[in-house]
Amino acid sequence: MTIEIFLVLLITVIAMVLFITEKLRYDGIGMLVLASLAILGLVSPSQALSGFSNEATVTIASMFILAAALENSGALSIVSKFFSQIKSPFAFYLMLFGVLALVSPFVNNTAVVAVFIPIVISASLKVGLSPSKTLIPLSYISQIGGVMTLIGTSTNLIVNSVAKDLGYRGFTMFEFLPLGLICFVVGCIYLLTIGRYLLPDVKSSDLDNLYEFGHYVTELYVSENSPLVKSSFIDEDIIKDHRVYLVEARRGQEIISSPRAAELDEGDILLVRGRWSDIQELTESKKLKINNQLQYGKQVPEDVKWMMAEVMIAPNSRAAGRRLVLFNRTWNHNTLIMGIQRRGNIIRNKLDQVRLKIGDIILIAIPENDLPALRRDKSVLILSENHAPINRKWKAPAALAVMTGVVFVAAIGWIPIAISALVGALLLTLIGCIKADEVYERTDWSIIVLMAGLMPLGIAMNQTGAAEFIINNSLAYFQQFGPHVILAILYLMALILGEMMSNSAAAVLLTPLAISTAELIDAEPTPFLIAVTFSAATSFITPIGYQTNTMVYAAGGYKFTDFMKVGMPLNLIFWILGVIFIPIFWPFYS
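Residues numbered from 1 in each chain as written. Predicted model: local features only at pLDDT ≥ 70, side-chain atom pairs only at ≥ 80, totals over all residues. Heavy atoms only, no water.

(A) Looking closely at the overall build of the chain. Helix and strand counts for the chain come out as 26 helices and 9 strands. A fraction of 80% describes how many contacts in the chain between residues 6 or more apart in sequence connect residues 24 or more apart. When the accessible surface of the chain is split by element, carbon and sulfur atoms take 60% of a total near 24,300 Å². (Helix = DSSP H or I, 4+ residues; strand = E, 2+ residues; numbered from the N terminus. Contact = heavy atoms within 4.5 Å. Areas by Shrake-Rupley, 256 points an atom, 1.4 Å probe, with all protein chains shown as cover.)

(B) Inspection of the pairing of strand β2 (residues 245-251) at higher detail. Judged by how many residues are buried, β2 sits mostly within the fold: 5 of 7 residues are covered. When β2 meets strand β4 (residues 269-275), the two strands line up antiparallel, connected through 5 bridges. Residue pairing across strands places Tyr-245 opposite Arg-273, the latter belonging to β4. Here β2 pairs with strand β3 (residues 254-255) via 2 bridges, running antiparallel. Its bridge partner lying in β3, Arg-251 is registered against Glu-254. Counting the residues in the hairpin turn of β2 and β3 gives 2 residues, including Gly-252, whose phi is positive at 70 degrees. (Buried < 20%, exposed > 50% of the residue type's maximum accessible area, 1.4 Å probe, protein only. Pairing = 2+ DSSP bridges.)

(C) Representation of the packing of aromatic side chains. As enumerated under the stated definition, the model contains 11 aromatic pairs in all. With centroids separated by 4.6 Å and ring planes inclined at 50 degrees, the aromatic side chains of Tyr-140 and Phe-540 adopt a geometry described as tilted. With Tyr-140 in helix α8 (residues 135-146) and Phe-540 in the loop between α24 (526-537) and α25 (547-556), the pair connects residues that are 400 residues apart, well separated along the chain. Taken individually, Tyr-140 and Phe-540 each receive the classification buried, so the pair is uniform in this respect. Ring geometry for Phe-585 against Trp-586: centres 5.8 Å apart, planes inclined by 70 degrees, an arrangement best described as edge-to-face. Chaining the aromatic ring pairs together yields one cluster made of Tyr-168, Phe-171, Phe-176 and Phe-534. (Phe/Tyr/Trp six-rings, centres within 6.5 Å; stacked < 30°, edge-to-face > 60°.)

(D) Fine view of the nonpolar core. If you look at the biggest cluster of nonpolar residues, it comprises 169 residues, and the most contacted ones within it are Phe-83, Phe-92, Leu-96, Phe-116, Leu-138, Leu-270 and Phe-528. Counting 17 residues, the second-largest nonpolar core is a separate cluster that includes Ala-309, Ile-337, Ile-340 and Ile-366. (Core = buried A, V, L, I, M, F, W, Y, C linked by side-chain atoms within 4.5 Å.)

(E) Summary view of α24. For α24, spanning 12 residues, the distance from its first C-alpha to its last is 16 Å, which sits close to the expected 16 Å at 1.5 Å a residue. A large share of α24 lies buried, amounting to 12 of its 12 residues. Among all positions of α24, only Thr-526, Pro-527, Phe-528, Leu-529, Ile-530, Ala-531, Val-532, Thr-533, Phe-534, Ser-535, Ala-536 and Ala-537 are buried. In the core, the buried residues of α24 are packed alongside α8, α9 (154-165), α10 (177-192), α22 (483-500), α23 (503-520) and α26 (560-585). (Expected span 1.5 Å × (residues − 1).)

(F) Up close: the side chain of Thr-149. On the secondary structure map, Thr-149 appears in the loop between α8 and α9. Owing to a relative accessible area of 2%, Thr-149 belongs among the buried residues under this scheme. Once residues lying within four places of it in the same chain are set aside, the contact partners of Thr-149 are Pro-105, Phe-106, Asn-156, Met-173, Phe-174 and Phe-176.

(G) Representation of the environment of Ile-415. Within the secondary structure, Ile-415 is located in the loop between α17 (395-411) and α18 (417-430). Each residue touching Ile-415, except ones within four places of it in the same chain, is listed here: Val-409, Ala-410 and Ser-420.

(H) Just the pairing of strand β7 (residues 336-341), in detail. Most of β7 is tucked away: 5 of the 6 residues are buried. In the sheet, β7 pairs with strand β8 (residues 361-367) via 5 bridges, with the strands oriented antiparallel. Note that in β8 the partner of Gln-341 across the bridge is Ile-361.

(I) Structural detail: the packing of α22 against α23. The interhelical angle for the contact between α22 and α23, taken along N-to-C directions, is 160 degrees, at an axis separation of 9 Å. On the basis of their axis angle, the class for α22 and α23 is roughly antiparallel. The interaxial crossing formed by α22 with α23 has right-handed handedness. Between α22 and α23, the contacting residues are Ile-486, Leu-490, Met-493, Ala-494, Leu-497 and Gly-498 on the first element and Asn-503, Ala-506, Leu-510, Leu-513, Ala-514 and Thr-517 on the second. (Axes fitted to C-alpha atoms, helices over the stretch in contact; angles between N-to-C directions. Parallel < 35°, antiparallel > 145°, perpendicular 65-115°, else oblique. Left-handed = near helix turned anticlockwise from the far one by under 90°.)

(J) Seen up close, the environment of Gly-167. Take Gly-167: it is sitting in the loop between α9 and α10. Remark: the alpha-carbon pair of Gly-167 and Ile-515, spanning 348 residues in sequence, is separated by 9.7 Å.

In short, shape yes, function no, at least from these values alone.
Written out as structure tokens, the structure reads:
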């Protein structure tokens, strides 16, 4: 082992530990890796900075813009009309899987799932399905669809780009399609049969209590001229007339016993639960006010256009474990917190004492001009927002046409995908499907920086011989069992690393190993690169392994173990399919 190999392996191990322990942000780890490689002379300055101009980096940044433009134009929301016509559960599943097969290979998965969550919940309830039976399939199928094309996920583009930097030919637009289609069909069949029975089922009569779809807990203040003064919830028939439930009532620091029957006074604080539209109707009818104590110590702008948004506390969020009131006071947004909901639980504490958990959904009011800043805040995921309407009559078809053009010209090899995606993003900006300022806000720069920081690591692993060293001291011991066994082990390595750390990081680390593995047995590198791509891009076992899993985890009220019960068999099925079909479509030896 040379000193260069030792240093590269040391940097790799430290980066993996940081990824797994989540001590630092992903993009920060990427920059530390880049700086370490450059300072130690393991890559040249131009190689250290090559990730920022890399084809994959440019393509992924452009795809964020294209996905945002499609969402803004209403092109993705058109499908809600089709779901409204469905009459049976089986037809619902076929429609969902069919639409995802058309959309997810070309549009960012996070954007697809964010748009589809309310559509899927509403449509599944109409056909008598519990949303717990449909939201995990939404996440899983969107991931599976993403591996059918080169631009379907960032993982595909990363593997392609790193491999090209190391001298490999790269992949074509639809090279993944044969195996992708097989996995898609098998995945759909699994979710319609075995997976459907493994998913939790909540009867329709219990949906509101367990999942609290659209239900929030908030605090109301009894004003001086409210009809509730010297009256009670029971006297005013609040539950019957407004479908809002009183959880607790306080007078000063005292909790009022039997709050529904108690006579209320001016200044009493009511902790209520219900759909936000019903709560709004109650406040107007009974002259109540939203208790604004969560905003104390925070200057809220006046005379602005307020928008409503639902945000979820994201994995690794700095908000987790903090009191709601303290989080809001230190949050860099001019937000008004209107209510909160928690999966499977009714919050019964004073809101200023509530400690946030991952998956909590907060209803906020925010000035329209502050929405872009909210979108780039990684401590929360935006589930819905009532942004300003735009003229969509011609913009939706225009956005779809541009997206089709981007894929077509890249598929026929006319121009590289990075250029076609960049031109497509420019066109959609010029025609107004996305505002120029919004272009920067809707791009997930943390992923871009992460990729740019890790790209040089792939170069260093190959250039110093570190990748060959790892293979010679690990997979080489299985060489006697043949390439199929080595392929199976490499696939499992990518699967485990993808669940433990960033999918992008796993792809960067394992791509040089895949090429070195091929050199070890004098085989073609393509089958091993395909294994890394498919394994790293399909993360089903945990709700935090992939962002779409996290989104449906909160919206569907799942338990952590639900993903393991449904996702682990599916990952094992894909592993078997990969070992069988990868060598058929991409032989080890030409």
